[in-house]
Amino acid sequence: MLFRSFRIIKRFNALVLLLIIIVPLYAMGNIFLTARKAQPVSSGAIVVLGAAQFDGKPSDVLQGRLVEAKEIYKNGLAPMIVTVRAGAAGDRTTEAATGFHWLKNSGIKLKNLIPVPQGRDTLAETQSYASTLKRKGIKSVIIVTDKYHCLRAMTMAKDQGLTTSCAPAKTGPASVSNSGFKYLARETGAYLAYVTAGRHGIHLSDQIKN
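Residues numbered from 1 in each chain as written. Predicted model: local features only at pLDDT ≥ 70, side-chain atom pairs only at ≥ 80, totals over all residues. Heavy atoms only, no water.

(A) Representation of the confidence of the model for the protein chain. Put simply, the protein chain has an average pLDDT of 87, and 81% of its residues get 70 or more. Within the model, the stretch residues 202-210 combines pLDDT values under 50 with 29 contacts to residues more than four positions away or in other chains. (pLDDT = per-residue confidence, 0-100. Contact = heavy atoms within 4.5 Å.)

Pasting the structure below:
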């Protein structure tokens, strides 16, 4: 009887260990494939997720996203662009405002720009812009962000009732060509944290700082 119990415990531990290995690998594969296949489709709005800004000047990461958003807009895939995220402690402006002014100065009409200066992580950003767009009757978005961030950002938007596609930034340090395995591994952890706990209202800060 004791030997049988030991065998059961051993098999259970082996199963747990297997799951610990398989689940992250499966999630990582989904993140990688989503990044490779991501293509924007015609939608109600383009959403530029926030990244660092320096006294009103976009960081290279944020500028890469803004350039991509402008290109999508010029191609006629959506009639407006939403910039998102609050400022960090001590900032004189927000990431949403910085993106808004960059796009305005790049020739995008004011009536087609919506700044949403709320949220300091992806989930809070998503909740904020989703609420804003729903009030305007918009139910589909193109999310502009880093390629390995696409799956998590799209999953969060879908959980808010939006139809989504993703357009990874093609320029900048977090662009399609510059994102490496370290970013993929960190994003895998952040994605798993969201789908296992964040969906159920447990507060989780981003594991990836943009």
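(B) Highlighting the packing of helix α4 (residues 122-135) against helix α5 (residues 150-159). Taken N-terminus to C-terminus, the directions of α4 and α5 make an angle of 40°; their axes are 9 Å apart at the nearest point. By the criterion of interaxial angle, the relationship of α4 to α5 is oblique. Seen along the crossing, α4 lies across α5 with a hand that is right-handed. Side by side, α4 and α5 meet where Thr122, Leu123, Thr126 and Tyr129 of the first sit next to Arg152, Ala153, Met156 and Ala157 of the second. Looking at the contact of α4 with α5 residue by residue, the classes come out as 5 nonpolar, 2 polar and 1 charged. (Axes fitted to C-alpha atoms, helices over the stretch in contact; angles between N-to-C directions. Helix = DSSP H or I, 4+ residues; strand = E, 2+ residues; numbered from the N terminus. Parallel < 35°, antiparallel > 145°, perpendicular 65-115°, else oblique. Left-handed = near helix turned anticlockwise from the far one by under 90°. Nonpolar A, V, L, I, M, F, W, Y, C, P; charged D, E, K, R; others polar.)

(C) How the structure looks around the sheet that holds strand β1 (residues 45-48). In space, the 5 strands of this open sheet follow the order β5-β4-β1-β6-β7, with parallel pairing throughout. One side of each edge strand has no neighbouring strand; the edge strands of this open sheet are β5 (113-116) and β7 (163-168). The mean angle between the axes of side-by-side strands here comes to 25°, regardless of whether they run parallel or antiparallel. The sheet contact formed by strand β4 (residues 81-84) and β5 spans 4 bridges and is parallel. Note on β5: the bridge partner recorded for Ile81 is Leu113. Contacts between α5 and the sheet are confined to β6 (140-145) and β7, with β7 contributing the most and set at about 160° to the helix. (Pairing = 2+ DSSP bridges.)

(D) Fine view of the packing of helix α2 (residues 60-74) against helix α3 (residues 95-105). Here α2 crosses α3 at 50°, and the two axes come no closer than 11 Å. Here α2 is positioned oblique relative to α3, judged by the angle of their axes. For α2 against α3, the interelement crossing comes out right-handed. Residues Leu62, Gln63, Leu66, Val67 and Lys70 of α2 pack against Glu95, Thr98, Gly99, Trp102 and Leu103 of α3. Here the residues of the contact of α2 with α3 sort into 5 nonpolar, 3 polar and 2 charged.

(E) Region of interest: the pairing of β7. Buried residues dominate β7, accounting for 5 of its 6 residues. With 6 bridges connecting them, β6 and β7 associate as parallel partners. Of the residues in β7, the one forming a bridge with Val144 is Ala167. Handedness of the crossover joining β6 and β7 through α5 is recorded here as right-handed. (Buried < 20%, exposed > 50% of the residue type's maximum accessible area, 1.4 Å probe, protein only. Right-handed = clockwise from strand over helix to strand, strands pointing away.)

(F) Spotlight on the environment of Ile138. Take Ile138: it is sitting in the loop between α4 and β6. Along the sequence, Ile138 and Leu162 sit 24 residues apart, while their C-alpha atoms lie 8.4 Å from each other. Sequence-distant contacts of Ile138, defined by excluding residues within four places in its chain, comprise Gly44, Ala45, Met80, Leu133 and Leu162.

(G) Just the packing of aromatic side chains, in detail. Under the counting rule described, the total for this entry stands at 2 aromatic pairs. Taking the centre distance of 6.2 Å and the plane angle of 75° together, the rings of Tyr148 and Tyr183 count as edge-to-face. Placement of the pair is Tyr148 in the loop between β6 and α5 and Tyr183 in helix α6 (residues 181-196), with a sequence separation of 35 residues. The buried category is assigned to Tyr148, whose relative accessible area is 5%. Taking relative accessible area as the criterion, Tyr183 reaches 14% and is therefore assigned buried. Here a set of aromatic residues connected by ring pairs shows up, and it is made of Phe32, Tyr148 and Tyr183. (Phe/Tyr/Trp six-rings, centres within 6.5 Å; stacked < 30°, edge-to-face > 60°.)

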